[in-house]
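Survey of secondary and tertiary structure
Residue strings, one per chain:
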Amino acid sequence: MSLYITRHGETDYNVKNLVCGISDARLTEKGIEQAKKLAVSLQSVNYRYLYVSPLQRAVDTANLANVRQLEMIVEPRIIEINFGKYEGIHRKDEGFLNNKHNLAFRYPGGESFIELCKRVYEFLDEIKNQAVDNDVLLVCHGAVCRAVHSYFNDMTNDDIFNYQTDNCELLKYDY
């Protein structure tokens, strides 16, 4: 079977091009429509487990897209990276971009991408048996999608830095 993963719908932070890790961002009207379109795509996926980040934008996306009406399992290990002092600043900020390129850099007051990968990889190792027997769906965030992609694929630092997942894009991985 397969692991399906998606990023939440568009938020107000996405529209303003602001750094949004653990900050409370709300889905825009476009984000709500993206989640509804995701629901159509998920009609052909027979997922048996639904794991969702505890952040509201992911929960709202999952509620709108959960065509199987499964109970959501809120999983703190797939919460977005904590960008610390960079939360809410413009994504083109030079200091932020320089630090983002260094995967081992711990954002002041936050965490590093490597720390994010540690918790995401542990979670993926834990659900591996579920995903071998059943389709599993994760509703999470951009950096978590990047970490999941690096779990299944060899990637350079530049590959990781440049990897992007669109809002409500549905990705599939096989264990």
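Below: a short report on this structure. Note that this is a predicted model, so its numbers are computed, not measured. (Residues numbered from 1 in each chain as written. Predicted model: local features only at pLDDT ≥ 70, side-chain atom pairs only at ≥ 80, totals over all residues. Heavy atoms only, no water.)

1. Comments concerning the overall build of the protein chain
As a reminder of what qualifies: Here a strand is any run of E in DSSP of at least two residues, a helix any run of H or I of at least four, and the numbering for each starts at the N terminus. For the radius of gyration, the atoms used are the C-alpha atoms, and the globule rule reads 2.2 Å times the number of residues raised to 0.38. Only protein chains enter the area calculation, which uses a 1.4 Å probe; residues under 20% of their type maximum are buried, those over 50% are exposed, and those in between are partly exposed. Note on contacts: a residue pair qualifies if any of its non-hydrogen atoms lie within 4.5 Å across the two residues. All tallies of charge rest on Lys and Arg as positive and Asp and Glu as negative; His and the ends of each chain are not included. To locate a charge, take atom NZ for lysine, CZ for arginine, CG for aspartate or CD for glutamate.
Across its full length, the protein chain holds 7 helices and 5 strands. Its helices and strands taken in sequence order, the protein chain reads β-α-α-β-α-β-α-α-β-α-α-β from the N to the C terminus. Taken over the C-alpha trace, the protein chain has a radius of gyration of 15 Å; the compact-globule value for 175 residues is 16 Å, and the two agree within 12%. Taking the principal axes of its C-alpha atoms as reference, the protein chain extends roughly 45 × 35 × 25 Å. Burial analysis of the protein chain (175 residues in total) assigns 51% to the buried set. When contacts within the protein chain are restricted to residue pairs at least 6 apart in sequence, long-range pairs at least 24 apart make up 71% of them. Put simply, the protein chain has 20 plus and 25 minus side-chain charges, and the middle of one group is 2 Å from the middle of the other.

2. Considerations on the packing of aromatic side chains
Rules: The criterion for an aromatic pair is that two Phe, Tyr or Trp rings (for Trp, the six-membered ring) have centres within 6.5 Å, with stacked assigned to planes under 30 degrees apart, edge-to-face to planes over 60 apart and tilted to the rest.
This model, assessed by the stated rule, comprises 12 aromatic pairs. Ring centres of Phe 96 and Tyr 107 lie 6.1 Å apart, and the angle between their planes is 25°; on these two criteria the pair is classed as stacked. Here Phe 96 is found in helix 4 (residues 94-100), whereas its partner Tyr 107 is found in the loop between helix 4 and helix 5 (113-133), with 11 residues between them in sequence. Judged by its relative accessible area of 0%, Phe 96 falls in the buried class. On the accessibility criterion, Tyr 107 (4% relative accessible area) is buried. For the pair Phe 152 and Tyr 173, a centre-to-centre distance of 4.8 Å together with 15° between the ring planes defines the contact as stacked. On the criterion of sequence distance, the pair formed by Phe 152 in helix 6 (residues 142-152) and Tyr 173 in strand 5 (residues 170-174) is long-range, its members being 21 residues apart.

3. Some remarks on the packing of helix 5 against helix 6
The cut-off we apply is this: The angle between two axes is taken between their N-to-C directions and runs from 0 to 180 degrees, where each axis is a line fitted to C-alpha atoms and a helix contributes only its stretch in contact. In this scheme the crossing of two helices becomes right-handed for a clockwise turn of the near helix relative to the far one and left-handed for an anticlockwise turn of less than a right angle. Following the grouping adopted for this structure description, the nonpolar residues are Ala, Val, Leu, Ile, Met, Phe, Trp, Tyr, Cys and Pro, the charged ones are Asp, Glu, Lys and Arg, and the polar ones are all others, Gly among them.
It is the contact of helix 5 with helix 6, at a shortest axis distance of 9 Å, that shows an interaxial angle of 65°. Relative to helix 6, the crossing made by helix 5 is right-handed. Residues Phe 113, Leu 116, Cys 117, Val 120, Tyr 121, Leu 124 and Asp 125 of helix 5 form the contact with helix 6, whose own contacting residues are Ala 143, Val 144, Arg 146, Ala 147, Val 148, Ser 150 and Tyr 151. Across the contact of helix 5 with helix 6, the residue classes tally to 11 nonpolar, 1 polar and 2 charged.

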